Amino acid sequence: MSTTAPFGTWPSPISPGTITTRTVTLSQVRVDGPDTYWVEQRASQAGRQVLLRRDGDGQVGEVLPLTPSDELVDVRTGVHEYGGRAYAVDSGIIVVSHAGDGRLYRYDVNHRLRGLVPLTIYGDVRHGDLEIDTARGLVYAVREDHRGGGESVNTLVAVPLDGSAARDDSPVRTLVSGTDFVTSPTLSPDGEHLAWITWNHPSMPWDEAVLHVGDLQPDGTIGSQTVLDGGEGHSVSEPRWTEECDLVHVANGSGFWNLYRTEGFPRRGTNREGWTRQLRTRPLHPAEATFTFPAWQLGPHHFDVLDGEHLIASWARDAVWHLGTIRLANGELEEWNVGWQPLGNVASSSSGRVVMLASNEHCLPAIVEVGHGGVQVLRDSGELDPESIGISFPEAVSWPSSDGATAHGFFYPPASAGYTGPDGDLPPLIVNVHGGPTAASRPGYDLRVQYWTSRGFAYLDVNYRGSTGYGSSYRKALNGAWGLVDVDDVVSGARYLAEQGLVDPSRMAVRGSSAGGFTVLSSLIRSDVFSAATSSFGVTDLAQMARTTHKFESRYIHTLVGATDTEDPVLAERSPISHVSDIHAPLLLLQGSEDPIVPADQATTLYRAVADQGLPVALEVFQGEGHGFRSASNIHRALEAELSFYTQVWHLPVTEELRTAVRVDNLDPARQD
């Protein structure tokens, strides 16, 4: 029997400790013969990222030994600041980027006594997006060189696998240079060709990028080359070779990220003269569907080669992801209804094994193997019985916004196995704004959502204009209008739920991180809908960020707000720091002290300005944290502080310990009603 208690006060078995100590974050799933590899980020180890392997006998364990300096390997790269693909494996040979010293290392799982062999020098040089060429004894890598001062230099390089460049950088060969960015080195199965992607400022990789392919010489340098696709206002992603040495990639020239296939590459031992004129590129499966995700991180992997006739692919329609095969000969798609939604990492082996990172409405993200008519969980991200907690299932919702547009999101009502709200009462609402802003929220079982719904809060995850998964037009609708149309979509979403009688209109909060934090702050300035807000490492001063942010997105803000340069007055006009007097609701600011993307002074300056206005505000700065919190204690503290903040602002009847977990300056009890 359920107990009646006010919404927002229900005791929940999902504590901050549940999230930080009983779960891990899974990523970078790859297969190598019978072995499955992945990376686990462990908040309990200060966010260290660990490489694990499940061998063909089902044994799971950490793979890498200590470094020669007796450090635990942290499998991470700082390329583009957001990192991504930080290791590669081929026939038991692993090459990995260690965040501790920034070097690349080689490890042979079949000759473990050799230990980790350093491949690159010490110094401010980062590597990622690795591709191993065992025949030539090389690993191809994206290099980001910060040694020269000023803007970093990005190139594609070939690093010897024998360790000869560990002390002397000269054996490293530069293969591609002269562009602002280069990624995705991809070696053909016969070793004859290399594909890669380039783009230049002011574009982001999803705006305009170019796919190249070139001959590989015996020493690993590139001979004749050609451009296959991209440029002229559209982009490319995820080049991948088939067993027959055709090249498949994703491009958005049609308005959706669709798959394309290029045929006609000369085979080994055949006449290669004039091969670039023999290539034929055609759409593989035209559809109003998205077959990749914006490349914020290196090495996206939404599809793979299943066998000589098929791809195994994932795709999104309206931000819901699907899995299935695509026949290479004619593009025929067959969906696999396996009960799991891919989370952007699908891999296959030459034997036809399909492994992916996935989740569903009942299960936390897990690495699963699909085959033989079923799904086997190889590794879950946490042991939890959702049924004993009570599951809030997502409902896809759409609502009218400004300019005749329709916005989208996922609504999670309050849910508990043991508690219900009073008759006639409505729950408080938390509106979540994802970061990016070129990204998307996905439905599924997520403890960071259930943390709120299990306590009696309703939760709306908004995919505002600018989000991915609804076509290029929807994504590009944010260009020039950041801080305007995204705010309209967030505000109208909250109002829509209130008008439907689903939430309490007097208790609606908005929360978001990074770019989402900017939209949170802009929502407080442009609307009076929200009575509380939480911004985690949110952008407050666009002009300052445009001048100081890292290379990867140093021109991104210009596109989003329609600025011509860093002195354009639109940057100041659109910045929350310029409109402090318009902030009307209590505000919580959460910030890492060492954030290289949104520096801590963005939060501290806004905090002082809001406090000086006599407005309710709280600030928590987490020492040593960067962009996104990695340490278990800090994640715990951030969740606890946010819950405490809402209970104080809305005067919820909770324990004194929770009520005082964060101090809110200038909070007049009379204003809490």
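Throughout, residues of each chain are indexed from 1 in the direction in which the sequence is written. In keeping with the predicted nature of the model, local features appear solely for residues at pLDDT of at least 70, side-chain atom pairs appear and are counted solely at 80 or more, and the whole-chain, interface and lining totals rest on all residues. Note that the side-chain values use all heavy atoms of the structure and ignore hydrogens as well as water.

**Here we look at helix H10 (residues 600-612)**
Helix and strand definitions here come from DSSP, where helices need a minimum of 4 consecutive H or I residues and strands a minimum of 2 consecutive E residues; each element is numbered from the N-terminal end. To estimate the expected span of a helix, count its residues, drop one, and scale the result by 1.5 Å. For H10, which comprises 13 residues, the first-to-last C-alpha distance of 19 Å matches the rise-based estimate of 18 Å (1.5 Å per residue) to within 8%. Contacts are assigned to residue pairs that have any heavy atoms within 4.5 Å of one another. On its buried face, H10 is in contact with helix H6 (515-526), helix H7 (542-548), strand E37 (587-592) and strand E38 (617-622). Once H10 ends, the next one or two residues include Gly614, with phi positive near 80°.

**Thoughts on the UniProt feature "domain: Peptidase S9 prolyl oligopeptidase catalytic" (unreviewed entry) in the protein**
UniProt positions are given in the numbering used here, feature names are shortened, and annotations may be inferred rather than shown by experiment. Here the UniProt-annotated "domain: Peptidase S9 prolyl oligopeptidase catalytic" (unreviewed entry) positions come out as residues 445-649. The distance separating the terminal C-alpha atoms of residues 445-649 is 28 Å; by composition the span is 43% helix and 14% strand.

**Some points on helix H5 (residues 485-499)**
Between its first and last C-alpha, H5 extends 20 Å over 15 residues, near the 21 Å set by a 1.5 Å rise per residue. A simple rule labels every residue: compare its accessible area, found with a 1.4 Å probe on the protein chains alone, to the largest value its type can have, and call it buried under 20%, exposed over 50%, or partly exposed in between. For H5, the full list of buried residues reads Val485, Asp486, Val487, Asp489, Val490, Val491, Ser492, Gly493, Ala494, Leu497 and Ala498.

**So, the side chain of Ser349**
Here Ser349 lies in the loop between strand E26 (341-348) and strand E27 (354-359). Ser349 has contacts with Val31, Gly33, Val305 and Leu306, leaving out every residue within four places of it along the chain.

**A closer look at empty space enclosed by the protein**
Cavity and pocket criteria rest on a 1 Å grid covering protein atoms alone: a 1.4 Å probe that fits but cannot get out defines a cavity, protein on both sides within 12 Å along at least 5 of 7 lines defines an open pocket, and an atom within 4 Å of a point defines a lining residue. Grid points are joined across faces, edges and corners, and a volume is the space filled by probe spheres set on the points. Summed over the entire model, instances satisfying the criterion amount to five cavities of 30 Å³ or more. Here the largest cavity is characterised by a volume of approximately 160 Å³. Around the largest cavity, the lining comprises 20 residues; the ones closest to its centre are Thr183, Ser184, Pro205, Ser237 and Ala295. For the lining of the largest cavity, the secondary structure elements donating two or more residues are strand E14 (181-187), strand E15 (193-199) and strand E18 (236-241). Ranked by residue count, the leading element in the lining of the largest cavity is E18, at three residues. In this model, the second largest cavity occupies a volume close to 80 Å³. Every residue lining the second largest cavity is counted, 14 residues in all, and those nearest its centre are Gly436, Trp482, Ala515, Met545 and Glu553.

**Let's talk about the layout of surface pockets**
Leftover empty space is mapped by rolling, across the atoms, a probe with the size of a water molecule. Reported here for the second largest pocket is a volume of approximately 1,100 Å³. Contributing to the lining of the second largest pocket are 41 residues, with Val89, Asp90, Glu131, Leu187 and Asp304 lying nearest its centre. Among the elements that make up the lining of the second largest pocket, the one with the highest residue count is strand E10 (residues 125-133) (five residues). Classifying every residue of the lining of the second largest pocket gives 15 nonpolar, twelve polar and 14 charged. Under this grouping Gly is polar, as are all residues other than the nonpolar Ala, Val, Leu, Ile, Met, Phe, Trp, Tyr, Cys and Pro and the charged Asp, Glu, Lys and Arg.

**A look at the environment of Glu131**
By the element assignment, Glu131 lies in strand E10. Given the relative accessible area of 15%, Glu131 is considered buried. Taking the C-alpha atoms as reference points, Glu131 and Val95, 36 residues apart in sequence, are found 8.6 Å from one another. The residues contacting Glu131, other than those within four sequence positions of it, are Arg85, Ala88, Leu138, Val139, Tyr140, Pro185, Thr186 and Leu187. A polar atom in the side chain of Glu131 sits 3.4 Å from the side chain of Arg85. The term polar contact refers here to a pair of N or O atoms within 3.5 Å; inside protein, the definition further demands a hydrogen-donor-capable atom paired with an acceptor-capable atom, and it admits residues adjacent in sequence only when both atoms are side-chain atoms.

**A short note on the pairing of strand E2 (residues 25-32)**
The element E2 is extensively covered by neighbouring structure, given that six of its eight residues are classed as buried. Two strands are said to pair when DSSP picks up at least two bridges between them. Two strands pair when backbone bridges link them, and E2 and strand E3 (residues 35-42) are joined in this way by six bridges, in the antiparallel orientation. Its bridge partner lying in E3, Leu26 is registered against Glu40. Where E2 folds back on E3, the antiparallel hairpin that results is connected by two residues, among which Gly33 adopts a positive phi of roughly 65°.

**Observations concerning the packing of aromatic side chains**
Stacked, tilted and edge-to-face are the three classes assigned to paired rings of Phe, Tyr and Trp, where Trp is represented by its six-membered ring and a pair needs centres within 6.5 Å; plane angles under 30 degrees give stacked, over 60 edge-to-face, the rest tilted. Scanning all chains against the criterion turns up 25 aromatic pairs. For the pair Trp296 and Tyr556, a centre-to-centre distance of 5.6 Å together with 75° between the ring planes defines the contact as edge-to-face. Residue Trp296 is found in the loop between strand E21 (280-283) and strand E22 (303-305), and its partner Tyr556 is found in helix H8 (residues 556-561); the two are separated by 260 residues along the sequence. By the burial criterion, Trp296 is buried, and Tyr556 matches it. Taking 5.4 Å as the distance between ring centres and 75° as the angle between the ring planes, the aromatic pair formed by Phe537 and Phe629 counts as edge-to-face.

**So, the domain arrangement of the protein**
When the domains of the protein are assigned, the result is domain 1 (3-16 + 385-660) and domain 2 (34-347). Computed from C-alpha coordinates alone, the two centres of domain 1 and domain 2 are separated by 33 Å. Counting residues at the interface gives 32 residues for domain 1, matched by 44 residues for domain 2. Both sides together, the interface formed by domain 1 and domain 2 hides about 3,000 Å², and carbon and sulfur atoms give 58% of it. Accessible area that two parts lose when put together, with a 1.4 Å probe and added across both, is what the buried area reports. The largest per-residue losses of area from domain 1 upon contact with domain 2 belong to Lys551, Phe552 and Arg630, which jointly make up 31% of the total buried on that side. Whenever Lys or Arg places a side-chain nitrogen within 4 Å of a carboxyl oxygen from Asp or Glu, that contact is recorded as a salt bridge. One can count two salt bridges joining domain 1 with domain 2. Notably, a salt bridge pairs Arg475 with Asp207, separated by 3.5 Å at the nearest N-O pair. Of all the secondary-structure elements, those providing two or more residues to the side of domain 1 that touches domain 2 are helix H4 (472-476), H8 and helix H11 (632-649). No other element matches H4, which puts three residues into the side of domain 1 that touches domain 2. Residues that form the side of domain 1 that touches domain 2 fall into these classes: twelve nonpolar, 13 polar and seven charged. Those domain boundaries reflect an automatic or database domain assignment.

**Some words on the sheet that holds strand E17 (residues 222-230)**
One open sheet accounts for four strands, arranged E14-E15-E16-E17; its pairing is antiparallel. Only two strands of the sheet have a single neighbouring strand rather than two, namely E14 and E17. This sheet shows a mean twist of 25° between the axes of neighbouring strands, independent of strand direction. The sheet contact formed by strand E16 (residues 210-216) and E17 spans six bridges and is antiparallel. The residue bridging Gly214 from the neighbouring strand is Gln225, located in E17. Axes here refer to lines fitted to C-alpha atoms; in helices the fit is confined to the stretch in contact. Angles between the N-to-C directions go from 0 to 180 degrees.

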